[in-house]
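Structure at a glance
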Amino acid sequence: MENEMKTFTIYLDMDGVLSNFNKEYEKTFGVHPDEAMRDKKNKSLHWEVFCKDHHFSKLELMPGAMELLHFVDYLHRNYGVKIEILSSTGGDKYHDTVSADKKSWLNKNGIYYDTNFVPGRKHKSEYANHNSILIDDTEDVVDAFKKAGGHAILQDRKSTRLNSSHTDISRM
């Protein structure tokens, strides 16, 4: 198992896996982001405010995020598994701002893995290969990553508590 796992890279999504995007969004706008997505006008306005006011640097940790981080750190220290962050910035317009805010958030929370910020979730599949595992909370992202040749775990959006999918990573 040790030799097999040394070749793996685990990519951790941020929003919905490590950081609680939905909670900050609801606190700021009084509406869940899924509901806001249906209203194109408010979606654009909300996104602009969220980015310009640096809300990505203010997010709370997801419930169970520290447990997940301890688990992947264990895999890194004991089996040489490479751990990286793979997170979308939501597009080109605020890519630099959101990237800087997400990096600040990671540093503030003591998370120092290499970072990969992509200007849209569709780009995450570009990191997929037979030696990569993505932990993400968005079903279409997980499906695209698998279709591109990677392994992926769909994370429950309510909590990052470890489940059998995480602890069975060695079987991938």
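Residues numbered from 1 in each chain as written. Predicted model: local features only at pLDDT ≥ 70, side-chain atom pairs only at ≥ 80, totals over all residues. Heavy atoms only, no water.

**What about empty space enclosed by the protein?**
Inclusion rule: Using a 1 Å grid laid over the protein atoms alone, points where a 1.4 Å probe fits but cannot get out form a cavity; open sets with protein on both sides within 12 Å along at least 5 of 7 lines form a pocket; any residue with an atom within 4 Å of a point counts as lining. Grid points are joined across faces, edges and corners, and a volume is the space filled by probe spheres set on the points. Following the grouping adopted for this structure description, the nonpolar residues are Ala, Val, Leu, Ile, Met, Phe, Trp, Tyr, Cys and Pro, the charged ones are Asp, Glu, Lys and Arg, and the polar ones are all others, Gly among them.
If you walk through the whole model with that rule in mind, you get 1 cavity of 30 Å³ or more. Estimates place the volume of the largest cavity at around 30 Å³. As for the largest cavity, its lining consists of Asn20, Lys23, Glu24, Lys27 and Glu60. Class assignment for the residues of the lining of the largest cavity results in no nonpolar, 1 polar and 4 charged.

**Points about helix H5 (residues 65-79)**
Where we set the bar: We count a stretch as a helix when DSSP gives it H or I for four or more residues in a row; a strand needs E for two or more, and each element gets its number in order from the N terminus. Helices are assigned an expected span. That span is 1.5 Å times one less than the residue count.
The first and last C-alpha atoms of H5 sit 21 Å apart over 15 residues, in line with the 21 Å expected at 1.5 Å per residue. Downstream of H5 by a residue or two, glycine 80 has a phi angle that is positive, lying close to 75°.

**Overview of the sheet that holds strand S5 (residues 151-154)**
The condition that has to hold: One bridge is not enough; two strands pair if DSSP finds at least two bridges between them. The angle between two axes is taken between their N-to-C directions and runs from 0 to 180 degrees, where each axis is a line fitted to C-alpha atoms and a helix contributes only its stretch in contact. In what follows, residue pairs with any heavy atoms lying within 4.5 Å of each other are defined as contacts.
What the 5 strands build is an open sheet, ordered S3-S2-S1-S4-S5; its pairing is parallel. Two strands lie at the open edges of the sheet, namely strand S3 (114-118) and S5, each paired on one side alone. Going from strand to strand, the sheet's axes swing by 25° on average, the running direction of each strand aside. Here 5 bridges tie strand S2 (residues 82-88) to S3, and the two strands are oriented parallel to one another. Note that in S3 the partner of serine 88 across the bridge is valine 118. The sheet contacts of helix H6 (residues 95-108) involve S2 and S3, and relative to S3 the element is tilted by about 150°.

**Observations regarding the layout of surface pockets**
Estimated volume of the largest pocket: approximately 920 Å³. Lining the largest pocket are 37 residues, with Phe21, Met37, Trp47, Gly90 and Arg121 sitting closest to its centre. Secondary-structure elements contributing two or more residues to the lining of the largest pocket are helix H2 (21-29), helix H3 (33-36), helix H4 (40-52) and S2. It is H4 that contributes the most residues to the lining of the largest pocket, 4 residues altogether. Split into classes, the residues belonging to the lining of the largest pocket amount to 10 nonpolar, 14 polar and 13 charged.

**Section: the packing of H2 against H4**
Note the threshold: An angle below 35 degrees is treated as roughly parallel, one above 145 as roughly antiparallel, one from 65 to 115 as roughly perpendicular, and anything else as oblique.
One can describe the packing of H2 onto H4 by two numbers: an axis separation of 11 Å at closest approach and a directional angle of 105°. Here H2 is positioned roughly perpendicular relative to H4, judged by the angle of their axes. In this structure, H2 contributes Phe21, Glu24, Tyr25, Thr28 and Phe29 to the contact, and H4 contributes His46, Trp47, Val49 and Phe50. For the contact of H2 with H4, the class distribution of residues is 6 nonpolar, 2 polar and 1 charged.

**Overview of the pattern of salt bridges**
As a reminder of what qualifies: The term salt bridge refers to a pairing of a side-chain nitrogen on Lys or Arg with a carboxyl oxygen on Asp or Glu at a separation within 4 Å. Three exposure classes are used, based on accessible area relative to the maximum for each residue type with a 1.4 Å probe and protein chains only: buried under 20%, partly exposed in between, and exposed over 50%.
The final tally for this structure, using the stated rule, is 9 salt bridges. For aspartate 136, the salt bridge identified is with lysine 124, shortest N-O distance 2.6 Å. Here the residue aspartate 136 occupies a position in strand S4 (residues 132-136), and lysine 124 occupies one in the loop between S3 and S4, the gap between them amounting to 12 residues. On the accessibility criterion, lysine 124 (3% relative accessible area) is buried.

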